[in-house]
Amino acid sequence: MAFVLPELPYAKDAFGDILSAETFDYHHGKHHNAYVTQANDQLAGTDLADASLLTVIKAAKDAGNKKLFNAAAQIWNHTFYWHCLSPVKQEPTGKLAEMITRDFGSTADLLAKLKAESVGHFASGWGWLVLEGDTLKVTSFHDADTPVAYEGVKPLLTLDVWEHAYYVDYRNARPNYLDALLNNAINWEFVSQNLDGAGASRADQG
Ligand code: MN3
């Protein structure tokens, strides 16, 4: 079964100036879609043609098939990223808020750390909040690399810092894009859900 481009969990104009409809047209409609096409083209007629996205990501990594890994991991990363965004401003609550205070001091400290990691990430990649054991950690991954390719690293929240994520609305100003998202547009409810360790499955398909 071929992979599909998942629908956005909101209207493409839902974020106003924070992320424009034009950004979604390109980022979701063209970039994300291209990864779907690239993965399907490579998988057609192979043993992995009916495998789940997570299975393909792990198999491609084990086989050292960088081209397939990049396409499959980017399908997963982008699907997860869309779910991490909310057009309605939210705050971390409950157990997540307690863990943030325990591991970072405050939500403001976490946001500052996520911004610093993501701004400082050289070239293309993804900023991440992950769960390792019972501990929250801020990290980043290069290019298409993804926490779901590693044992024991559970995805909670991601920020796309490839230039295509912000160039339409922020030109080269990655820090402004990150400020806008972190302060206004994070789906903390989704992040909280992912504390169950099942975040990987929420962007899986096939
Ligand atoms: Mn992207």
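None of the values given here were measured: they were computed from a predicted structure.

Another point: the coordination of the manganese ion. Protein-derived ligands of the manganese ion are His27 (NE2), His78 (NE2), Asp160 (OD) and His164 (NE2), with the metal-ligand distances lying across 2.0 to 2.1 Å. Sequence spacing of the donors to the manganese ion: H-x50-H-x81-D-x3-H. Taken together, the positions of His27 in helix H1 (residues 21-43) and His164 in the loop between strand S3 (154-160) and helix H6 (167-170) put the pair 137 residues apart, joining distant regions of the chain. Neither His27 nor His164 differs from the other in exposure class; each is buried.

Ile57, Trp76, Tyr81, Leu129, Leu136, Tyr177 and Trp188 are the most contacted members of the largest nonpolar core, which has 68 residues in total. Per-element accounting of this core gives the leading share, eleven residues, to helix H3 (residues 66-84). Those residues in contact with Trp76 that sit more than four places away from it in its chain are Leu53, Leu54, Ile57, Trp128, Thr146, Val148, Pro155, Gly199, Ala200, Ala203 and Asp204.

In this structure, the largest pocket spans a volume of roughly 180 Å³. Residue lining of the largest pocket: 13 residues in total, with Lys58, Val148, Tyr150, Val153 and Lys154 positioned closest to the centre. Put simply, the parts of the chain that give the lining of the largest pocket at least two residues each are helix H2 (53-63) and S3. In terms of residue class, the lining of the largest pocket is made up of eight nonpolar, two polar and three charged. Its boundaries defined by the atoms lining it, the second largest pocket holds a volume of some 150 Å³. Every residue along the wall of the second largest pocket is listed here: Ala60, Lys61, Gly64, Asn65, Lys66, Phe69, Asn70, His142, Asp143, Ala144, Asp145 and Tyr150. For the lining of the second largest pocket, the secondary structure elements donating two or more residues are H2 and H3.

What counts and how
Residues numbered from 1 in each chain as written. Predicted model: local features only at pLDDT ≥ 70, side-chain atom pairs only at ≥ 80, totals over all residues. Heavy atoms only, no water. Donors = N, O, S within 2.8 Å, 3.2 Å for Na, K, Ca; no water. Helix = DSSP H or I, 4+ residues; strand = E, 2+ residues; numbered from the N terminus. Buried < 20%, exposed > 50% of the residue type's maximum accessible area, 1.4 Å probe, protein only. Core = buried A, V, L, I, M, F, W, Y, C linked by side-chain atoms within 4.5 Å. Contact = heavy atoms within 4.5 Å. 1 Å grid on protein atoms, 1.4 Å probe; cavity = no way out; pocket = protein on both sides within 12 Å on 5 of 7 lines; lining within 4 Å. Points joined across faces, edges and corners; volume = space filled by probe spheres on them. Nonpolar A, V, L, I, M, F, W, Y, C, P; charged D, E, K, R; others polar.

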